[in-house]
Amino acid sequence: MNEERPIIGLVSATSTEPTSSDNFAFWLSPDVIVNPFDIVEAEQVAHDGTSRTFGIVTTLEHTTDAPTHLSNFISNDFGQVGVEPNTVRQGTTVAKVAVLSNDKDIYMPVQCDRPVRFADEAGIHVALGVDKIPERYRVPAGLIRMSNGTQAVVYLDLRYVLGPEGAHVNITGISGLATKTSYAMFLLQSILQTAEQVGLRNKIGVIILNVKHGDLLSIDQPPKGGLEPEQHELWERLGLMPKPFDSVRYLLPHGKETPRTGYPNSFRLPERNWSIYAYSLQDTYNKLDLLLSNIPDPWDTIGALIGEIMQGLSDPNTGQWGPQRNWAQATTWRSLLNGPPLFDPNTGQARQVGEVRAVSVGRFRRILRRIVETRQSGVFVSQRARNIRNLSEEIAKMRGGEVIVVDIARLTDDEQTLVFGDILRTVYALYAEEGSEREDLPEKVVIFVDELNKYAPAREKESPIIEQVLDIAERGRSLGVVLFGAEQFMSAVHERVAGNCSTIVVGRSGSAELSAVHYRFLEQSVKANITRLEKGELVLSHAIYRQPIKIIFPKPAYLQEGT
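I will try to describe carefully the structure that is included in this document. Because the structure is a prediction, the values reported are computed rather than measured.

Rules and cut-offs
- Residues numbered from 1 in each chain as written.
- Predicted model: local features only at pLDDT ≥ 70, side-chain atom pairs only at ≥ 80, totals over all residues.
- Heavy atoms only, no water.
- Helix = DSSP H or I, 4+ residues; strand = E, 2+ residues; numbered from the N terminus.
- Buried < 20%, exposed > 50% of the residue type's maximum accessible area, 1.4 Å probe, protein only.
- Contact = heavy atoms within 4.5 Å.
- Core = buried A, V, L, I, M, F, W, Y, C linked by side-chain atoms within 4.5 Å.
- Domains from an automatic or database assignment.
- Pairing = 2+ DSSP bridges.
- Axes fitted to C-alpha atoms, helices over the stretch in contact; angles between N-to-C directions.

### Side note on the overall build of the protein chain
When you go through the protein chain residue by residue, the secondary structure sums to 17 helices and 21 strands. The dimensions of the protein chain, computed from C-alpha atoms along their principal axes, are 100 × 55 × 45 Å. Expressed as a percentage of its 563 residues, the buried residues of the protein chain come to 54%. In the protein chain, of all internal contacts separated by at least 6 residues, the share reaching a separation of at least 24 is 74%.

### Describing the environment of Val506
Relative to the assigned elements, Val506 resides in strand 19 (residues 503-506). Judged by its relative accessible area of 1%, Val506 falls in the buried class. Between the C-alpha atoms of Val506 and Asp120, which are 386 residues apart in sequence, the distance is 25 Å.

### Some words on the nonpolar core
Counting residues in each nonpolar core, the largest one holds 98 residues, and the members touching the most others are Tyr183 and Ile219. Considering every element that reaches this core, the biggest residue donor is helix 4 (residues 180-197), with 9 residues. A domain-level breakdown of this core finds at least three residues from each of domain 1 (7-129) and domain 2 (137-145 + 151-278 + 379-552). Tyr183 has contacts with Ala141, Ile171, Val505, Leu538, Leu540, Ile551 and Phe553, leaving out every residue within four places of it along the chain.

### Examining the sheet that holds strand 1 (residues 9-11)
Sheet architecture is closed into a barrel: 6 strands sit in the order 1-2-5-4-3-6, paired in antiparallel fashion. Pairs of neighbouring strands in the sheet enclose a mean axial angle of 40°, with direction left out of account. In this sheet, strand 5 (residues 91-102) lies alongside strand 4 (residues 50-64) in antiparallel orientation, the contact comprising 11 bridges. If you follow Leu60 over to strand 5, its bridge partner there is Ala95. Sitting on the sheet, helix 2 (residues 121-128) touches strand 3 (39-45), strand 4 and strand 5, and the angle it makes with strand 5 is about 65°.

### Digging into the pairing of strand 21 (residues 549-552)
Pairing geometry for strand 20 (residues 537-542) and strand 21, over 4 bridges, is antiparallel. Following the sheet pairing, Glu537 is matched in strand 21 by Ile552. Taking the residues between adjacent antiparallel strands as the criterion, strand 20 and strand 21 are bridged by 6 residues.

### Observations concerning the environment of Val11
Structurally, the position occupied by Val11 is in strand 1. Here the alpha-carbon distance between Val11 and Gly225, two residues 214 residues apart in the chain, equals 50 Å. In this structure, Val11 is in contact with Thr19, Phe24, Ala25, Phe26, Ala42, Val110, Gln111, Cys112, Asp113, Arg114 and Val116, ignoring residues within four places of it in sequence.

As structure tokens, this is what we get:
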């Protein structure tokens, strides 16, 4: 009951600073400690009795009756810091509050001198709108921990994370705090466990790209020695089990040493359920646009030549792989680069292909040779051995409840772009174009990638990979394709990608970064607090919340590199 919780202050409205439907202020009792992001409740009028207006503390100010700073200097015996002041100032601390909600939908300005209390967990849920989320759609997203010790589990609405009401999650913040990837993995585990509790586990598939070292190549293994007790308690407080992912399949890249050793080009070898993928020309001829996405092509000559190649290497009857006529000999990367119709071995010169002049064909050959021969990591092969997999075919086999980890950590930038684009295009085709009737195909698929800015940069530029990412960002939620992205600077991500995310998570960031237009949904006071976030603290903005909130979350419960 309200009366059992102490009053921490009274609402203060002045002639120059009135309360409003959106804001109010209250002065604090001198012995009370309040911090930004604490959630409070103030008594409000109602048609029947009283109601409660909830708000989040944004800033705190201490004010006194001193007219100027010089007055304080003089009252302390003209700057004597070690003596009692001659004039004792009257002062108080005032908390500024942004209104979140009222439990009886009354948004009259809170009247002066109304008592203010810390909200309890139930009140916090009312404040955020969590009480309006049906139980089956509540996904634990973290824990609010307030200055008075009150804790409250924060929930996301699954319908705004995986669709259809909204979709996509973006996580940003400076590197080195082990926060972005950890939070994404915690949230994925939370979503899967929530889905399992309500019988939806087999309707969700997850694809995770491992982009750094071996961070995500043991997510089905428990941590050595287990989690610390406080982390265990935090998981349980959120109503979740601290456990590794299950039903995990790893797809690892072919390397230059793979034919000799049989091992992939990875930082770490998973204990089980792994296979190797590679790209032959047959696997890639209709994805060359993705492979060359990072190459400037202002006159679309490369694009035109890629079109010629795709047409030439396709069987006109089936549309599938089938080089014929002039292209009959172009069956491998080497024969494509060094044989007809791109190259004349007799003259040693590039040849014109369609409307594309020989000089442009020569440039294309130099670029493609650099990518697939000179500087490649080993993922491009002449022919795939029987035990080496086709990545897009493996992705297309995805089943409900399955987690697929695709390792790209040791690939070059061009190769990583190809793999990411290949995954997006394959998944998109499964849901948007082919209308698969497979019963085990999940209704929702989540794709998580770190360093999203590499594939959807903020600068204006048209490329196949950006178009693919934008298509998913803007249409994916209606199809069931959801993008979880992370990056160090959200300002480096295409604005249309970030803008389509219903959930945005911000870790500690610099003030220069926070001045970008991507953060205009944050008030200035919130931005100032984001610069002070500690490790493991995040600011969460969700579609149903009226204001961003600060949360903490537990460590992922799987074996991580270095542990």
